[in-house]
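# Observations on chain architecture
Given next are the chains, with one letter for each unit.
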Amino acid sequence: MSGRVARRRRSVCGVAAARAASGLPLTLLGSLVAALLALGLAGGSSDAIGARSTTEVVQGAAVWGWLQRRCVGARERLPAYPWPVAPFHEQHPVRGYFGDPRTVITGIGEGAFSFHNGVDISAATGTRVYPVVSGVVVQARGQRVVVASSHDRRFQYIHIFPRVRVGEPAVASDTVLGTVLPLVRHVHLSEIRGMCVVNPLMPGHLSPFHDTQKPVVRSITFESLAGRRILPDALSGEVRVIADAYDRPAIPSPYPWSSMPVSPVLIRWRLATLTGRTLQSRVAVDFRVSLPPRDDFCEVYAPGTVQNFAAVLGKLHWGQPGRYLYDLTPVPLDTRLLRDGRYHFTVTALNTRGRSGSRTVTIEVRQRQELPSLTPLPDHRCAPTVAA
Ligand SMILES: [Zn+2]
């Protein structure tokens with residue numbers, strides 16, 4: 001199976017999400033997206049950074065290895081930095097994690113989809129925001145201030161009213177960069193090294209940060225390549241495996257964000273015999289170092305994925321927790337390479353501090369004559385021609 005060519009998932013990526021929310025009233029998309037961006041709910045283009053040039057092509061499961069190689073410089077150990085809001089050396093609630101899905105679904109297979117490229121630190125309106133590392137202000141407009149620091153590092157502070165100008169020095173924990181805007185109740189912090197956006201919650205970055213919560217793998221489901229659900233005791237041919245998984249923030253944010261899920265930083269799976277011998281294992285999601293390009297959203301998140309407070313077909317689901325469905329098999333699992341019989345399929349999700357949760361299901365492989373497969377529907381969410 002390892003010699004198989006990675007294939008992009010192009011089947012029914014956006015359809016299930018839209019189908020699940022069908023029947024909702026349709027309103028003006030433009031005003032909704034604008035309102036979401038104003039509230040800091042959508043991940044939109046305003047704070048998204050592509051880690052890949054448009055000339056490079058990475059497919060399927062290869063994306064994680066590519067990220068590791070591309071962002072090797074981002075692993076260089078530098079001093080940890082404090083929080084951008086006071087008290088600087090105490091942990092604050094973080095309501096949005098690195099890699100969280102950002103979804104605005106506007107139609108069947110259509111909308112805006114991206115990975116959350118930083119952390120959302122809860123803070124009241126008017127809270128002063130300070131640099132976490134000293135440097136020079138290189139951007140201060142709209143809701144955003146960017147500070148360039150040593151080691152080819154930049155920090156972005158978004159959803160604030162800027163109080164500095166380009167060219168001014170910014171002293172860590174001293175210079176007021178701006179204040180948190182009304183309604184958004186958080187400041188978005190991104191760390192960028194060279195061409196790579198980095199997870200601020202990894203050890204050695206934003207500090208102090210402790211996380212004793214255990215991620216949860218809520219379910220593991222199986223689908224045919226045409227997107228049909230298959231029971232785990234009747235697997236044959238090539239199948240896709242989807243995990244419904246989430247993590248809880250280390251410290252709850254104030255209402256209404258107090259019970260919203262965040263993404264685990266790592267998800268892996270393992271196929272084993274009933275006696276425990278590993279037959280195959282893969283890392284399906286790895287947000288520890290950096291993020292895949294936005295075009296690879298559907299390699300990571302499966303149909304039906306929606307963000308917290310999701311906007312679906314013109315309706316904002318205020319206060320509704322998101323649903324994070326991870327596609328564990330951008331390269332389908334080929335059960336034809338297994339003998340008929342029963343196996344264990346285990347999914348494990350971890351947070352940045354190594355806390356984990358897992359779930360195991362018993363599957364049964366029973367090969368039978370394959371039915372002609374349906375032509376997969378196009379997935380417009382991942383069109384590679386979309387301009388950055
Ligand atoms: Zn954010």
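Here we summarise the structure given alongside this text. (Residues numbered from 1 in each chain as written. Predicted model: local features only at pLDDT ≥ 70, side-chain atom pairs only at ≥ 80, totals over all residues.)

### Focus: the overall build of the protein
This is how the line gets drawn: Numbered from the N terminus, helices here are DSSP runs of H or I no shorter than four residues, and strands are runs of E no shorter than two. Partly exposed residues are those whose C-beta has more than 12 but fewer than 20 other C-beta atoms within 10 Å; 20 or more makes a residue buried and 12 or fewer makes it exposed, with C-beta atoms placed from the backbone. Placing a C-beta atom from the backbone of each residue, one calls two residues in contact when those atoms lie within 7 Å.
When its secondary structure is counted, the protein shows 4 helices and 24 strands. The 388 residues of the protein split such that 47% are buried. Here the contacts in the protein between residues at least 6 apart in sequence split such that 72% fall between residues at least 24 apart.

### Here we look at the pairing of strand β6 (residues 135–141)
As a general feature of sheets, a regular strand has side chains that alternate between the two faces. The cut-off we apply is this: When DSSP finds two or more bridges between a pair of strands, those strands are recorded as paired.
Where β6 meets strand β10 (residues 169–170), 2 bridges bridge the pair, whose relative direction is antiparallel. Bridged to V136 within β10 is P169. Here 5 bridges tie β6 to strand β7 (residues 144–149), and the two strands are oriented antiparallel to one another. Among the inter-strand pairings, V137 is bridged to a residue of β7, identified as V147.

### Description of the sheet that holds strand β5 (residues 128–129)
With antiparallel pairing, 3 strands are arranged side by side in an open sheet as β5-β11-β9. One side of each edge strand has no neighbouring strand; the edge strands of this open sheet are β5 and β9 (160–162). Where β9 and strand β11 (residues 178–180) come together, 3 bridges link them in antiparallel fashion. The residue bridging P162 from the neighbouring strand is G178, located in β11.

### Focus: helix α3 (residues 62–70)
As a reminder, the rule being used: Arc definition: it is the arc formed by the directions from the helix axis to the C-beta atoms.
Listed as buried for α3 are V63, W64 and L67. Around the axis of α3, the buried residues are gathered within 100 degrees of arc, so they sit on the same side. For α3, the exposed residues set more than 90 degrees away from the buried face come down to G65 and R69. On its buried face, α3 is in contact with β18 (278–286) and α4 (297–300).

### Brief notes about the sheet that holds strand β23 (residues 341–350)
The condition that has to hold: Fitted lines through C-alpha atoms give the axes, limited to the stretch in contact for helices. The angle between two N-to-C directions lies from 0 to 180 degrees.
The 4 strands lie next to each other as β18-β17-β23-β24, forming an open sheet whose pairing is antiparallel. Of all the strands in the sheet, the pair left with one neighbour each is β18 and β24 (356–365). The mean inter-strand angle of the sheet, taken between neighbouring strand axes irrespective of direction, is 15 degrees. Summarising the sheet, strand β17 (residues 266–273) and β18 pair through 7 bridges and their orientation is antiparallel. Directly across from R268, in β18, lies its bridge partner V283.

### Thoughts on the environment of Y81
Within the secondary structure, Y81 is located in the loop between α3 and β1 (94–96). The exposure class assigned to Y81 is buried, which follows from the 23 C-beta atoms found within 10 Å. Sequence separation between Y81 and V133 is 52 residues, and the spatial gap between their C-alpha atoms is 6.5 Å. Once residues lying within four places of it in the same chain are set aside, the contact partners of Y81 are V132, V133, H205, L206 and S207.

### A few points about the pairing of β7
Hairpin connection between β6 and β7: a loop of 2 residues separates the two successive antiparallel strands, and G142 in this loop has a positive phi of roughly 60 degrees. As paired elements, β7 and strand β8 (residues 153–158) share 6 bridges and run antiparallel to each other. Bridge assignment links A148 to a residue of β8, and that residue is R154. Joining the antiparallel neighbours β7 and β8 is a turn of 3 residues, in which H151 adopts a positive phi near 60 degrees.

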